[in-house]
Amino acid sequence: MGQPVRDYLLTLCATAAVTYLLTGPVRKFAIAVGAMPAIRARDVHREPTPRLGGIAMFGGLCAGLVVAAHLFNLTSVFKLSNEPRALLSGAALIWLIGVLDDKFEIDALIKLGGQMIAAAVMVIQGLTILWLPIPGVGTVALTQWQGTLLTVALVVITINAVNFVDGLDGLAAGMVCIASAAFFIYAYRLWYGYGIEEAAPATLFAVILMGMCLGFLPHNMHPARIFMGDSGSMLIGLVLAAGAISITGQVDPDRLGIFVGGERGATHAMLPVFIPLLLPLTIIAIPAADLVLAIVRRTWNGQSPFAADRGHLHHRLLEVGHSHSRSVLIMYFWSALIAFGAVGYSVHSASLWIVLVIVGLSAVGLVLLLMPRFTPRAPRWAESFVPPRYRRRQRSEEGDAEAPQGQQGLDGSEMASPAPERAPVAVGVSGVNGATAIGPRSRFADRDRADSPR
């Protein structure tokens, strides 16, 4: 089989293009049907913004599967495996539940039951975990009930982890895109590098997931014109979980024994990615950590684990002084560092320089966290490629033009005029042009409580 990079690129472009083109009409449809809930206490946007972005993402998923089914190097995935059909069935069910929730706000327990049913639908059609690689033991075969329970648990954890992190414009789509890119590198290496055909479905799922996120991001970046809603966050979470299940529970480590010297060696070689994918702790490490912290925080406070609050990681980044865009970029940075670091370590686990690079980048990330007021400046040759706020020349010209003329004192010296009082933002006015970041906490003290009328 020839190298299928071209076919993957075509699938990626088709998925992204369909998602991008559908998002505009879906936004108008969401406004027409009233899928624009009022501002809640935990929200950071300040204008009602339409949801139902998951409709466009589901259209991109279907388009990607159709295109891939007609490409020469990817046709075998549909002929030799039933996993693409299982993914489509589970995705359709979870997408429908998400659409209903975006419009009617269904109960959290009903959504949890729908997530479990969607996972069960995929299990019935063959997308399930069959065995686990355990370090020091080797491959452990699972019974049907064990595999089903583990598969359902992984799907539910991943869906809710992605759903929990969907709190800032472009955050969930960008983080899942980064995770799927790292996942694609690992799955493609298993398939084309080792010739393991069982890794082909997971590779296809990762490419389609990247296309869904890339096509939606232009509409969802700050200020967002549309939100993906639960119809989108639960959908991309399920696709990410399906890829993890496919490659973790379907690829037999015995197939790698000829490359790394036995079954136990193969298990140790794949451990840096296999076990994190199973739990999952690296590919979606940031959403999973946010999920665990939210459950512990709410339970400690005597609340339901499904109760909404403003204690997520992205909320805390805003509280310490980071802007909306900077908070999103910091979350991107940590997601990329953990995901690609795990993939790089799985490829060359004995290389010390990989560990040193990860440690160095982690130090850079900590510095960025501790400097919320620092605004980077782009070099002059790159000023035309960055937003205006990062341009030295633009900022100086705007400052000179907007500087108010001060009043002259008795001695003829110029006195600075008082700063004009900023008009309050009318939160109750319905607008559909997007969302803005929150300002200082003192201006929104009444929104800190979940039972606030605002």
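As the structure is a prediction and not an experimental result, all values here were calculated from the model.

What counts, and where the lines are drawn
Residues numbered from 1 in each chain as written. Predicted model: local features only at pLDDT ≥ 70, side-chain atom pairs only at ≥ 80, totals over all residues. Heavy atoms only, no water. Helix = DSSP H or I, 4+ residues; strand = E, 2+ residues; numbered from the N terminus. Buried < 20%, exposed > 50% of the residue type's maximum accessible area, 1.4 Å probe, protein only. Contact = heavy atoms within 4.5 Å. Areas by Shrake-Rupley, 256 points an atom, 1.4 Å probe, with all protein chains shown as cover. Phe/Tyr/Trp six-rings, centres within 6.5 Å; stacked < 30°, edge-to-face > 60°. Salt bridge = Lys/Arg side-chain N within 4 Å of Asp/Glu carboxyl O. Axes fitted to C-alpha atoms, helices over the stretch in contact; angles between N-to-C directions. Parallel < 35°, antiparallel > 145°, perpendicular 65-115°, else oblique. Left-handed = near helix turned anticlockwise from the far one by under 90°. pLDDT = per-residue confidence, 0-100. Expected span 1.5 Å × (residues − 1). Core = buried A, V, L, I, M, F, W, Y, C linked by side-chain atoms within 4.5 Å. Patch = residues over 30% accessible without salt bridge, like charges linked within 9 Å, V, L, I, M, F, W, Y side chains within 5 Å. Polar contact = N/O pair within 3.5 Å; in protein donor to acceptor, adjacent residues only side chain to side chain. Disulfide = S-S within 2.5 Å.

1. What to know about the overall build of the protein
Within the protein, the secondary structure is distributed over 16 helices and 4 strands. A buried classification covers 49% of the 454 residues belonging to the protein. Intrachain contacts of the protein at a sequence separation of at least 6 include 75% that bridge at least 24 residues. Total accessible area computed for the protein in this model is approximately 21,400 Å², and 66% of it derives from carbon and sulfur atoms.

2. Here we look at the packing of aromatic side chains
Under the criterion given, the structure shown has 6 aromatic pairs. Here the aromatic rings of tyrosine 8 and phenylalanine 184 are separated by 5.5 Å at their centres, their planes lie at 80 degrees, and the arrangement is edge-to-face. In this pair, tyrosine 8 sits in helix H1 (residues 5-33) while phenylalanine 184 sits in helix H7 (residues 171-194), placing the two residues 176 residues apart along the sequence. Seen from their ring centres, phenylalanine 333 and tryptophan 334 are 5.8 Å apart, and the 80 degrees between their planes marks the pair as edge-to-face. Using a relative accessible area of 24% as the deciding quantity, one classes phenylalanine 333 as partly exposed. The buried category is assigned to tryptophan 334, whose relative accessible area is 18%. Here the aromatic residues Tyr8, Phe184, Tyr188 and Trp191 are joined through ring pairs into a cluster of three or more.

3. Focus on the pattern of salt bridges
Counted according to the given criterion, the structure contains 4 salt bridges. Note that arginine 6 and aspartate 7 form a salt bridge whose closest N and O atoms lie 3.8 Å from each other. The shortest N-O distance in the salt bridge between aspartate 101 and lysine 111 comes to 3.6 Å. With a gap of 10 residues between them, aspartate 101 in helix H4 (residues 83-104) and lysine 111 in helix H5 (residues 108-124) connect regions that are remote in the sequence. Neither residue differs from the other here; aspartate 101 and lysine 111 are each classed as buried.

4. Concerning the packing of H4 against H5
Two elements in contact, H4 and H5, have axes separated by 8 Å at closest approach and are oriented at 165 degrees. For the element pair H4 / H5, the angle class is roughly antiparallel. For H4 against H5, the interelement crossing comes out right-handed. Seen from H4, the contacting residues are Ala86, Leu87, Ser89, Gly90, Leu93, Ile94, Ile97 and Asp101; seen from H5, they are Lys111, Gly114, Gln115, Ile117, Ala118, Val121 and Met122.

5. Regarding the confidence of the model for the protein
On average, residues of the protein carry a pLDDT of 75, and 63% of them reach 70 or more. Note that pLDDT drops below 50 for residues 275-280; the model gives that stretch 22 contacts with residues more than four away or on any other chain. Taken as a whole, residues 401-454 scores under 50 in pLDDT and shows 81 contacts with residues more than four places along the chain or in a different chain.

6. Some words on helix H8 (residues 200-220)
For H8, built from 21 residues, the straight-helix expectation of 30 Å at 1.5 Å per residue is met to within 8% by its first-to-last C-alpha distance of 30 Å. Counted residue by residue, H8 has 19 buried out of 21 residues, so it is predominantly covered.

7. Some thoughts on the nonpolar core
Nonpolar side chains tend to gather and get buried jointly when the protein is soluble and globular. Counting residues in each nonpolar core, the largest one holds 89 residues, and the members touching the most others are Leu61, Leu235 and Leu238. Sort the elements by how many residues they give to this core and H7 lands first, with 16 residues. Not counting residues within four places of it along the chain, the set of residues in contact with leucine 238 comprises Leu87, Gly90, Ala91, Ile94, Ala118, Met122, Val155 and Ile159.

8. Let's talk about unusual backbone geometry
A positive phi is found at leucine 52, a non-glycine position, where the angle reads about 65 degrees. Within the secondary structure layout, leucine 52 lies in the loop between H1 and helix H2 (54-69). Assessed through its relative accessible area of 2%, leucine 52 is described here as buried. With a phi close to 55 degrees, glutamate 105 is a non-glycine residue in the positive phi region. Along the chain, the position of glutamate 105 falls in the loop between H4 and H5.

9. Focus: a nonpolar patch on the surface
On the surface, Trp353, Val357, Leu361 and Val364 cluster together into a nonpolar patch covering about 370 Å² of accessible area. By the secondary structure assignment, valine 357 is in helix H15 (residues 352-369).

10. Brief notes about the side chain of threonine 128
Along the chain, threonine 128 turns up in the loop between H5 and strand E1 (131-134). Of note is the side chain of threonine 128, whose polar atom sits 3.1 Å from the side chain of threonine 151.

11. Some remarks on the state of the cysteines
What the rule picks out here adds up to 0 disulfides. Sulfur of cysteine 213: no disulfide; nearest cysteine sulfur belongs to cysteine 177 and is 5.4 Å away.

12. Section: the environment of alanine 86
Within the fold, alanine 86 resides in helix H4. On the basis of relative accessibility, which here comes to 0%, the residue alanine 86 falls in the buried class. Taking the C-alpha atoms as reference points, alanine 86 and valine 121, separated by 35 residues in sequence, lie 7.1 Å from one another. Every residue in contact with alanine 86, bar those within four places of it in the chain, is listed here: Met122, Gln125 and Leu127.

13. A closer look at the environment of valine 121
Mapping valine 121 onto the fold places it in helix H5. Put simply, valine 121 and glycine 90 are 31 residues apart on the chain and 5.9 Å apart in space, counted from C-alpha to C-alpha.

14. Structural notes on the environment of leucine 10
Considering the arrangement of structural elements, one finds leucine 10 in helix H1. A relative accessible area of 44% places leucine 10 in the partly exposed class. Separated by 197 residues in the primary sequence, leucine 10 and valine 207 have C-alpha atoms spaced 9.8 Å apart. With residues near it in sequence (within four places) discarded, leucine 10 still touches Val67 and Leu71.

15. A short note on the side chain of serine 180
Along the polypeptide, serine 180 turns up in helix H7. Residues in contact with serine 180, not counting those within four places in the same chain, are Ala206, Leu209 and Met210.

16. What about H7?
Under the 1.5 Å per step criterion, the end-to-end length of H7 is 34 Å for 24 residues, consistent within 8% with the ideal 34 Å. Most of H7 sits out of view: 19 of its 24 residues are buried. Glycine 195, located one to two residues past H7, shows a positive phi value of around 70 degrees.

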